[in-house]
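Commentary on secondary and tertiary structure
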Amino acid sequence: MASQGFRLSPPWKSGYNDSGTKGTHLYPRRHTISREFEGTRLIWPGRALSEKKAFEAPKGFLDPGPNLDLRSHLLIEGDNLEVLKLLLPILAEQIRIIYIDPPYNTGNRMLYHDRYSKRSAGSRVIDRHDNWLSMIFPRLLLAHRFLKRDGVLFVSIDDHEVHHLRTLMDEIFGEENFVSMITWRKKVVRGRGNRHVLPQTEYILVYAREISALPAFSEPLSLEMRKAYPHADEKGPYKKIPFAKSGTRQSPRPNLLYPITAPDGTVILCPTHQWRWSRETFERRQDEILIQKNRHGRWTVYTKQYLREEGKERRKTPESYYDRVTTTDGTREMKEIFGEVLLDFPKPSRLIRDLIGWASPPGSSDLVMDFFAGSGTTGQAVLELNHEDGGERSAILVQSGSPTAYPGFPTIWSICRERVCRTRQRILTEGGNPLPVSEIRMVSDT
Ligand SMILES: C[S@@+](CC[C@H](N)C(=O)[O-])C[C@H]1O[C@@H](n2cnc3c(N)ncnc32)[C@H](O)[C@@H]1O
């Protein structure tokens, strides 16, 4: 790692006076959530202080810096709040996708801190939820500022904090920018855990920076769906769909109701309220029309729906229930990479790859950020998605240097780095052309 550090020309020093009237919008001295907010606002002891933290000067610098090579994957070691503050002047409104998997506040003992315990502050008792909110709030305020207009944030969360998180995100992003709350079935085993209902699911909250600018999500058709295109002609595989439009009966459009003549001269009348196309379109697109007898011997009109349109294969809209992989897959993957499980409950990379793939078109070079990177699953997901669809997305991963007890991996960041490097190496041996990896360390002022 190069030894020369850098300090950004700090807007919080040069651009502001104490009244907060000058300077760039990235670091308003007195930050307020800019929109008029009329919804439910979550108030907790410590809120004002935690909000302030997002906009205080960062306590350190990045080494090396500041010429971030965004044609590489960036692995940044450091506390994410400080790192985000340092990156913001360079990357504000440039990130297309942020995925984060913050500590869930389960209270369990894990390699990373997942207990935001009750504590006293003077005469006040700060509850564990308050502590967690004070941790996540400034990071979300900053995350919002990194997103492009057509950007999107995915946040994994479970029952412990989902209700707080959603209210908070409604406030930061605006309720109108809520996209979905995906339910992930993370385990299928029966077992203990709760006397009343066995918990098997968690969630992914999805918010757009600006919903009207966020392109529709889509994903490849499943194998099953592809099989539903059993016919083929010179334009490729197709399936037959009835030319008569079904669905709720609306008042028919007169230009969509006309008789059609079968090959033997029989006149076919529309069996529903209207055909799909006007007569002109029907005449023009004759090569997409099939008039055949159905299994009852009745003449029926079909159109061909092709699997590929304008050179691209059809895709489908993802659903809000996700059950393709479980936490067991995440653990198995880690065992395959390292021979042991170095971090509890890593996400399965397929889950993250699918989420990124929904929002980022095939072959894109979007910037994807994860500032609770853990074992680097998001890095693996980005590398694999690029390998699959020829994209050049770069992953910007931030992970603290929290120590571990593993001699080969002294910090969680080193686990993250190793996973990304091993995945990249594998892709190289498979003939892929992955982007290089750059390592950056945050050096604290103290
Ligand atoms: C739930 S884990 C993420 C797991 C990850 N998605 C995976 O699949 O491996 C949360 C991670 O965030 C890290 N983390 C927590 N607070 C942090 C902070 N302030 N700065 C940087 N990393 C932090 C923890 O060390 C932990 O590795």
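Residues numbered from 1 in each chain as written. Predicted model: local features only at pLDDT ≥ 70, side-chain atom pairs only at ≥ 80, totals over all residues.

1. Some points on the overall build of the chain
- Broken down by element type, the chain carries 11 helices and 26 strands.
- For the chain, with 446 residues in total, the buried portion stands at 33%. (Helix = DSSP H or I, 4+ residues; strand = E, 2+ residues; numbered from the N terminus. Buried ≥ 20, exposed ≤ 12 C-beta atoms within 10 Å, placed from the backbone.)

2. Things to note about the packing of helix α3 (residues 80–91) against helix α4 (residues 128–146)
- At a minimum axis separation of 10 Å, α3 and α4 run at an interaxial angle of 20°. Between α3 and α4, the angle falls in the class roughly parallel. The handedness of the crossing between α3 and α4 comes out as left-handed. Across the interface between the two elements, N80, L81, L84, K85, L88 and L91 from α3 touch P138, R139, L142, R145 and F146 from α4.
- Of the residues in the contact of α3 with α4, the class split is seven nonpolar, one polar and three charged. (Axes fitted to C-alpha atoms, helices over the stretch in contact; angles between N-to-C directions. Parallel < 35°, antiparallel > 145°, perpendicular 65-115°, else oblique. Left-handed = near helix turned anticlockwise from the far one by under 90°. Contact = placed C-beta atoms within 7 Å. Nonpolar A, V, L, I, M, F, W, Y, C, P; charged D, E, K, R; others polar.)

3. Concerning the confidence of the model for the chain
- Per-residue pLDDT for the chain has a mean of 88; in total, 86% of the residues score no lower than 70.
- Note that pLDDT drops below 50 for residues 1–32; the model gives that stretch 50 contacts with residues more than four away or on any other chain. (pLDDT = per-residue confidence, 0-100.)

4. Digging into helix α9 (residues 349–359)
- Among the 11 residues that make up α9, nine are buried, leaving the element largely enclosed by the rest of the structure.
- Among the residues of α9, S349, L351, I352, R353, L355, I356, G357, W358 and A359 are the ones counted as buried.

5. Here we look at the sheet that holds strand β11 (residues 236–242)
- Spatially, four strands are ordered β10-β11-β17-β16 in an open sheet, and the strand pairing comes out antiparallel. Both outer strands of the open sheet, β10 (231–233) and β16 (289–293), are each paired with one neighbouring strand and no more. Adjacent strand axes in the sheet meet at a mean angle of 45° when their direction is disregarded.
- Across five bridges, the pairing between β11 and strand β17 (residues 299–306) is antiparallel. Its bridge partner lying in β17, Y238 is registered against Y306. (Pairing = 2+ DSSP bridges.)

6. Some details on the environment of E93
- Position of E93 among the secondary structure elements: in the loop between α3 and β3 (95–100).
- The class of E93 is partly exposed, set by 13 C-beta atoms lying within 10 Å.
- The sequence separation of E93 and A143 amounts to 50 residues, and the corresponding C-alpha distance is 9.6 Å.
- Excluding residues that lie within four positions of it along the chain, E93 makes contacts with L147 and K148.

7. A closer look at the nonpolar core
- Within the largest apolar cluster, 79 residues are counted, with the highest numbers of intra-cluster contacts made by I98, I204, L205, I356 and L397.
- Looking at this core element by element, the count peaks at eight residues for α4.
- Contact partners of I98, with chain neighbours within four places excluded, come to A143, F146, L147, L153 and M369. (Core = buried A, V, L, I, M, F, W, Y, C linked by C-beta atoms within 7 Å.)

8. Looking at the packing of α9 against helix α10 (residues 377–389)
- The N-to-C vectors of α9 and α10 enclose an angle of 60°; their axes lie 8 Å apart at closest approach. Classified by the interaxial angle, the pair formed by α9 and α10 is oblique. By crossing handedness, the relation of α9 to α10 is classed as right-handed. Contacts between α9 and α10 involve S349, I352, R353, I356 and G357 on the former and, on the latter, T377, T378, Q380, A381, V382, E384 and L385.
- Its residues placed into classes, the contact of α9 with α10 shows five nonpolar, five polar and two charged.

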